[in-house]
Amino acid sequence: MRIGIVGAGILGLAVARQMARAGAEVTVLEKEPRIAAHQTGHNSGVVHAGIYYQPGSLKATLCREGAAMLREYCAEHGLPYDEAGKLVVASTRAELSGLRRIAERARENGVPGIAELDAIGLREVEPRAVGVAAVHSPHTAITDFPAVARRLAADVTEAGGFVRLSRPVRAIRQTTDGVAVAAGPERLTFDRLISCAGLGTDGVADLARAGGDVRIVPFRGEYYRLAGPARGLVKGLIYPVPDPRYPFLGVHLTRRIDGEVLVGPNAVPALALEGYSWRSASLRDLRRIAAWPGARRMAAEHWRTGLREVYGSLAKRAFVAAARRYVPELAPADLVRAGGGVRAQAVARDGRLLDDFVIDVRGRIVLVRNAPSPAATSSLAIARHIALTVPLTF
Ligand SMILES: Cc1cc2nc3c(=O)[nH]c(=O)nc-3n(C[C@H](O)[C@H](O)[C@H](O)COP(=O)(O)OP(=O)(O)OC[C@H]3O[C@@H](n4cnc5c(N)ncnc54)[C@H](O)[C@@H]3O)c2cc1C
C-alpha cells in the first residue's frame with residue numbers, strides 16, 4: 001500500500017507515522033521548506049484535557065485519548081511535557097452557571113482530577129489571579145508541538161517513509177487503480193491520498209474535485225507575551241469561561257514550555273488564508289471566502305462579535321483589560337506583542353462554525369476537513385482513528 005499524505009503539520013506526520021508503522025510505503029508532501037510551518041508552529045502549546053467538548057463527539061473522545069498518547073510519546077522520546085494545570089475562572093456571578101456547565105461536561109468526558117474552587121481556593125492554585133469561582137484541571141499540560149512534529153517526522157523516515165519538503169501539491173487525479181499527484185517537480189502515484197492540509201484544505205479538495213458543504217475560513221489568533229518580572233504573576237494556565245456560541249476559548253494566559261507567558265489568542269478574521277498580520281491580505285483568498293454562502297451568513301450573524309475582536313486587535317488597551325480581569329496586577333507595559341497563528345476553521349453552508357473534527361472519504365482520497373484546536377493535542381488519536389475507521393484496503 002503506497003500512501004501519500006499532504007501536509008507536514010503535526011496531523012499529517014502523526015498519520016504518516018501510524019501508516020508507516022503498519023507497513024505502508026508512506027510519502028509526506030509539504031509545500032513549505034520546513035515542517036510545522038503553519039498551525040502546528042503557531043499555537044498556544046496546550047495539551048488540552050478534554051474539558052469543553054460535546055460528550056460523544058470526536059473532539060471529546062480523541063482529545064482525551066490523544067492527550068494520554070501524547071504524554072506517553074513525550075516521555076518515551078524525552079520531549080517536554082509539563083502538567084502546568086489550568087484554571088477556568090468565572091470573574092462575575094453571572095458566569096457561574098456557565099462555569100458549572102463546564103465542570104459537569106468535564107466530568108461527563110471523564111477528565112481526571114476536576115475540582116470546583118471558590119475565590120479562596122482559586123488563589124491557592126494561582127496566587128495572583130482573582131475571580132468568584134473556578135474549575136481546576138490539574139492534568140492540563142504544556143508541550144512543544146513543533147518538537148513533537150520533528151520527532152514524528154524522524155519516526156516516519158526511520159520506518160522507511162519519506163518526508164518531502166518544498167513539494168506543493170498542484171494536481172490530483174483519481175483513477176480506478178490509484179491517485180496520481182503532481183507535487184513540485186515530482187509526479188507520484190499512490191493507492192491512497194490523505195490530506196491534512198490545514199489552511200490549504202479547500203485547495204486540495206478542489207484539486208481532487210471533492211466539493212462539499214464546508215469551507216475553511218481563516219481566523220487569526222494574536223498574542224502578547226508578558227515581559228520581565230510580570231511572567232512571575234502566572235504559574236500555569238488561566239482561562240475565561242468560554243462563550244458557548246463559538247469554538248474559540250477566549251483570551252487566556254498560558255505559560256509556555258520555554259517559560260514565556262502568552263496572553264491570547266483573540267479571534268479576528270484573517271485577510272488571507274495565511275494572513276499572519278493585517279498587512280498580509282490576498283484578494284484571491286478573500287474572493288473565495290466571500291463566495292462561500294456560509295461565510296456571508298456567518299458574517300451577517302456575528303458581525304458585532306467580529307467588530308469587538310477587531311477593536312481588541314487594534315487597541316492594546318482592550319487586550320490588557322481582558323488579561324487584567326484575571327490578573328489585575330498586570331500593567332500595560334507588561335504586555336509585548338508576540339505574533340500569532342491562523343486557525344483553519346470550517347464553516348458550513350448555513351453559516352455554522354463547525355465544532356467537531358470532520359473527516360471526509362472520497363474513493364481513494366481521505367480529506368481531513370476540520371481539525372482546529374485541540375487537533376494538536378489529539379493528533380496521535382486522530383491518526384489511529386483514521387487508520388481504524390477509514391477503508392485503507394480494497
Ligand atoms: C492560534 C492558535 C492556537 C492554538 N492552540 C492550540 C493548543 O493550545 N492546543 C491544541 O491542541 N491545538 C491548538 N491549536 C490548533 C492546532 O494548532 C491545530 O489543530 C493543529 O496544528 C493542526 O495540525 P495540522 O497538521 O492539521 O495543520 P498545519 O500545522 O497547519 O499543517 C498543514 C500543513 O499542510 C501544508 N499544505 C497545505 N496545502 C498544501 C499543499 N497544496 N501541498 C503541500 N502541503 C500543503 C501546509 O504548508 C502545512 O504545513 C491552535 C491553533 C492556532 C492557530
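Residues numbered from 1 in each chain as written. Predicted model: local features only at pLDDT ≥ 70, side-chain atom pairs only at ≥ 80, totals over all residues. Heavy atoms only, no water.

- Going by what an unreviewed UniProt entry lists, the protein is known as Hydroxyglutarate oxidase and is assigned to Microbispora bryophytorum.
- Per UniProt, the comment on the protein under Sequence similarities (unreviewed entry) is "Belongs to the L2HGDH family."
- In its Cofactor (unreviewed entry) section, the UniProt record describing the protein reads: "FAD". (UniProt positions renumbered as here; feature names shortened; annotations may be inferred.)

**Quick notes on the environment of Val130**
Here is step 1 of the chain: With respect to the element layout, Val130 can be found in the loop between α4 (119–125) and β7 (133–137).
Here is step 2 of the chain: For Val130, a relative accessible area of 28% translates into the label partly exposed.
Here is step 3 of the chain: With near-sequence residues (within four places) excluded, Val130 lies in contact with Val89, Leu122, Arg123, Arg325, Tyr326 and Pro328. (Helix = DSSP H or I, 4+ residues; strand = E, 2+ residues; numbered from the N terminus. Buried < 20%, exposed > 50% of the residue type's maximum accessible area, 1.4 Å probe, protein only. Contact = heavy atoms within 4.5 Å.)

**Comments concerning the site of the ligand**
Here is step 1 of the chain: Glu30, Thr40, Val46, Ala371 and Thr377 are the nearest of the 39 residues found near the ligand.
Here is step 2 of the chain: In the environment of the ligand, a nitrogen atom lies 2.9 Å from a nitrogen or oxygen atom belonging to the backbone of Val169.
Here is step 3 of the chain: Between the ligand and Ala376 there is a distance of 3.5 Å, counted from an oxygen atom to a backbone nitrogen or oxygen.
Here is step 4 of the chain: Within the complex, 96% of the 1,000 Å² of free accessible area of the ligand lies under protein. (Near = heavy atom within 4 Å. Polar contact = N/O pair within 3.5 Å; in protein donor to acceptor, adjacent residues only side chain to side chain. Areas by Shrake-Rupley, 256 points an atom, 1.4 Å probe, with all protein chains shown as cover.)

**Quick look at helix α9 (residues 316–324)**
Here is step 1 of the chain: All buried positions along α9 are accounted for by Phe319, Val320 and Ala323. Summarising the axial view, the buried residues of α9 lie within an arc of 100 degrees, below the 170-degree limit, and thus occupy one face. (Arc of directions from axis to C-beta.)

**Points about the nonpolar core**
Here is step 1 of the chain: Among the nonpolar cores identified, the biggest contains 44 residues, and Val26 and Ile194 are the most heavily contacted of them.
Here is step 2 of the chain: For this core, the secondary-structure elements that each account for two or more residues are β1 (2–6), α1 (10–21), β2 (25–29), α2 (58–77), α5 (145–158), β21 (365–370) and α10 (375–389).
Here is step 3 of the chain: Val26 has contacts with Ile3, Ile5, Ala16, Met19, Ala20, Val156, Gly161 and Phe162, leaving out every residue within four places of it along the chain. (Core = buried A, V, L, I, M, F, W, Y, C linked by side-chain atoms within 4.5 Å.)

**Comments concerning the packing of aromatic side chains**
Here is step 1 of the chain: Taken as a whole and judged by the stated rule, the model has three aromatic pairs.
Here is step 2 of the chain: Between Tyr224 and Phe319 the ring centres are 4.7 Å apart and the planes differ by 55 degrees, which places this aromatic pair in the tilted class. With a gap of 95 residues between them, Tyr224 in strand β14 (residues 214–226) and Phe319 in helix α9 connect regions that are remote in the sequence.
Here is step 3 of the chain: The ring of Phe162 has Arg164 sitting right over it, with the charged end atom 5.1 Å from the ring centre. (Phe/Tyr/Trp six-rings, centres within 6.5 Å; stacked < 30°, edge-to-face > 60°. Lys NZ or Arg CZ within 6 Å of the ring centre and 35° of its normal.)

**Observations regarding the pairing of strand β10 (residues 169–175)**
Here is step 1 of the chain: Examined bridge by bridge, β10 and strand β11 (residues 178–183) share six bridges and lie antiparallel to one another. In the sheet register, Val169 faces β11, and the bridge partner there is Ala183.
Here is step 2 of the chain: Adjacent in sequence and paired antiparallel, β10 and β11 are bridged by two residues. (Pairing = 2+ DSSP bridges.)

**Section: the side chain of His252**
Here is step 1 of the chain: Relative to the elements of secondary structure, His252 occurs in strand β16 (residues 252–255).
Here is step 2 of the chain: A distance of 3.5 Å separates a polar atom in the side chain of His252 from a polar atom in the side chain of Tyr239.
Here is step 3 of the chain: Looking at His252, its side chain comes within polar contact range of the main-chain oxygen of Gly250, at 2.7 Å.
Here is step 4 of the chain: Discounting residues that sit within four places of it in the chain, His252 has contacts with Ser44, Ile238, Tyr239, Pro240, Leu262, Val263, Gly264 and Pro265.

**Re the pattern of salt bridges**
Here is step 1 of the chain: Enumeration over the complete set of coordinates arrives at 24 salt bridges.
Here is step 2 of the chain: Of the charged contacts in the structure, one is a salt bridge between Asp202 and Arg215, with a shortest N-O distance of 3.9 Å. Note that Asp202 is positioned in helix α6 (residues 201–207) and Arg215 in strand β14, a separation of 13 residues in sequence.
Here is step 3 of the chain: On the basis of relative accessibility, which here comes to 9%, the residue Asp202 falls in the buried class.
Here is step 4 of the chain: For Arg215, a relative accessible area of 17% puts it in the buried group.
Here is step 5 of the chain: When the shortest N-O distance is used, the salt bridge between Arg215 and Asp206 registers 2.7 Å.
Here is step 6 of the chain: One continuous salt-bridge network, built from bridges that share partners, spans Arg17, Arg151, Asp155 and Glu158. (Salt bridge = Lys/Arg side-chain N within 4 Å of Asp/Glu carboxyl O.)

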